[in-house]
Amino acid sequence: MGLFGSSKSKKVRPARKLTGSLQFPGDKSISHRYALVAAIAEGPSEIHFFSTSADCESTLSCLKRLGVSVQRRNNVVTIRGAGLQGLRQPSELLDAGNSGSTMRMLAGILAGQPFRAGIGGDASLSRRPMGRVIEPLRQMGARIQSAEGGLPPLEIEGGALKPIRYEMPVASAQVKSAVLFAGLFAEGETEVIEPSPTRDHTEIVLEQMGAEVGRHRRTISVRGRARLEGKKLYVPGDISSAAYFVVAGLLVPESNLVIHNVGLNPTRTAILDLLVTMGGRVKVLNVEMLNGELLGDLHVETSRLEGGEIPSDSVPGLIDELPVLAVLGTQTEKGISFRGASELRVKESDRIQALAENLRRMGAEVEEFSDGLRAAGKQTLRGAEIEPYGDHRIAMAFAVAGLVAQGTTVIRDSGCVEISFPRFFESLAQVTE
Ligand code: S3P
């Protein structure tokens, strides 16, 4: 069970329709990066629409323990940059909470600091693999210790780093970011090669703040000893949070929903492309660009969805949306299947297992693979008691399932939604009839 798990259950009843308009808090992935880069930049950064997630709060609290001045007034976070070498050795263990992004990306920055720092997290994070960042950061010269098997907590003794050319074995934006962040502290050019494209928010913000970033096909590079400059930044709404409402709007009859200011970075919009390909009526309106990131409004209407197989090479771009897509699959003509997603087993929970178990609790026919899932289509879901295993994305995916099920669905331990979207249930209630 996650730290934010609570005994608080939430009841979800079938919805007649979803209508109205919404705007969601800032994107979690982008907020982490803006805060981390602002902390090692020179001068102040003002970050508007900063994520309200507990995960991003973990990043801010780690930065404070590293001596960075961080002030939050509602959704505006002001960070006084300490410069590349201005962080202070923390007097206690840094607490990344439930956040893999915080631990992995901050590890890249700690690798460049001339002191020793420990970083740990909650029970769920303590089961998540860190070898993937330990390996390249060690190659760059950092000394890192972990619990057995490359698990947290980590103890990182940074210092002078050398640039590397690193071919990532798994497609992970967190690992890419950790290496690029460490590359800022190395003399020369650090290169990361991705097996397939992953979200590029780190590249964008580094460029925005003055670093020299190169991109050639699957290779991303950064020149070290960069001088980063503090900036006023705006975070677009979180598309991964919006995804629950987009799917709900497509599935619940007579729905007509507008979601404003959603981040539309092309490395994150695979969910929209897929839904449109399946027959979803999702329109993108009023697109604009703010500090290198696209955003716009989404208009969603109830649709008949085809379903089908999600190609494995699309999986990295859909990784956070696969739980809600599995739920959606049960309401499509052909069902949904995906393979090549073994990463889902090492997220905040084993998401393949959690999906299979909870879909079965609702009476659905599912097949579980080591690296994926198949959910049959045209299924009638029955309200059931859902066990999210402390995982926010499982809780929210099954709240959507509850809207189209027969009878009442109970999401146990619903407080875990705070990890990414504290007001999820309130927002859902706001548009549900
Ligand atoms: C994230 C990358 C993905 C994603 C996670 C956030 C990021 O993880 O699942 O929720 O912000 O870079 P991986 O890098 O492990 O694929």
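Given the structure is predicted, the values throughout are model-derived calculations rather than measurements. (Residues numbered from 1 in each chain as written. Predicted model: local features only at pLDDT ≥ 70, side-chain atom pairs only at ≥ 80, totals over all residues. Heavy atoms only, no water.)

Let's talk about the pattern of salt bridges
Taken as a whole, this structure holds 35 salt bridges when the rule is applied. Ionic pairing is found between Glu 155 and Arg 116, a salt bridge with its closest N-O pair at 2.8 Å. Of this pair, Glu 155 sits in strand 9 (residues 151-157) while Arg 116 sits in strand 7 (residues 116-120), placing them 39 residues apart in sequence. According to the relative accessible area criterion, Arg 116 is partly exposed, its value standing at 42%. Among the ionic pairs, Glu 194 bridges to Lys 176, the shortest N-O distance being 3.2 Å. (Salt bridge = Lys/Arg side-chain N within 4 Å of Asp/Glu carboxyl O. Helix = DSSP H or I, 4+ residues; strand = E, 2+ residues; numbered from the N terminus. Buried < 20%, exposed > 50% of the residue type's maximum accessible area, 1.4 Å probe, protein only.)

Points about the pairing of strand 9
Relative to strand 9, strand 7 is paired through four bridges, and the arrangement is antiparallel. Residue Arg 116 lies in a different strand from strand 9, and its bridge partner there is Glu 157. Examined bridge by bridge, strand 8 (residues 143-147) and strand 9 share five bridges and lie antiparallel to one another. Bridging across to strand 9, Ile 144 finds its partner in Ile 156. Counted between consecutive antiparallel strands, the loop separating strand 8 from strand 9 contains three residues, among which Gly 149 sits at a positive phi close to 80°. (Pairing = 2+ DSSP bridges.)

So, the sheet that holds strand 5 (residues 76-82)
With respect to topology, four strands assemble into an open sheet ordered 4-5-3-14, the strand pairing being mixed. With one partner strand each, in any of the chains shown, strand 4 (69-73) and strand 14 (232-234) form the two edges of the open sheet. Averaged over all adjacent pairs, the angle separating strand axes in this sheet is 15°, with direction ignored. The pairing of strand 3 (residues 42-48) with strand 5 spans six bridges and is antiparallel. When the bridges of strand 5 are listed, Pro 44 appears paired with Arg 80. Against the sheet, helix 1 (residues 28-39) touches strand 3, strand 5 and strand 14, its axis set at about 35° to strand 5. (Axes fitted to C-alpha atoms, helices over the stretch in contact; angles between N-to-C directions. Contact = heavy atoms within 4.5 Å.)

Thoughts on the sheet that holds strand 22 (residues 385-386)
The strand order across the open sheet built from three strands is 1-23-22, with neighbouring strands paired in mixed fashion. In the strand order of this sheet, the two ends are held by strand 1 (10-12) and strand 22, each with one partner. Where strand 1 meets strand 23 (residues 409-411), three bridges bridge the pair, whose relative direction is antiparallel. Bridging from a neighbouring strand, Lys 11 pairs with Val 410 of strand 23.

Comments concerning unusual backbone geometry
For the peptide bond that leads from Pro 152 to Pro 153, omega is 0°, which places it in the cis range. Look at Asn 74: it is not a glycine, yet its phi comes out positive at around 50°. Position of Asn 74 among the secondary structure elements: in the loop between strand 4 and strand 5. The exposure class assigned to Asn 74 is exposed, which follows from its relative accessible area of 67%. Of note in the backbone geometry, Asp 413 takes a positive phi value of approximately 55° without being a glycine.

What about the domain arrangement of the protein?
Under the domain assignment used here, the protein contains domain 1 (3-26 + 236-431) and domain 2 (28-234). Relative to domain 2, the C-alpha centre of domain 1 lies at a distance of 28 Å. At the interface, 26 residues of domain 1 touch 31 residues of domain 2. Around 2500 Å² of area is buried between domain 1 and domain 2 when both sides are counted, 49% of it from carbon and sulfur atoms. A per-residue breakdown of the area domain 1 buries against domain 2 is headed by Asn 291, Glu 348 and Ile 419, which together make up 23% of the total. For the pair domain 1 and domain 2, the interface holds 17 residue pairs in polar contact (both at pLDDT 80 or more). (Domains from an automatic or database assignment. Buried area = accessible area lost by both parts, 1.4 Å probe. Polar contact = N/O pair within 3.5 Å; in protein donor to acceptor, adjacent residues only side chain to side chain.)

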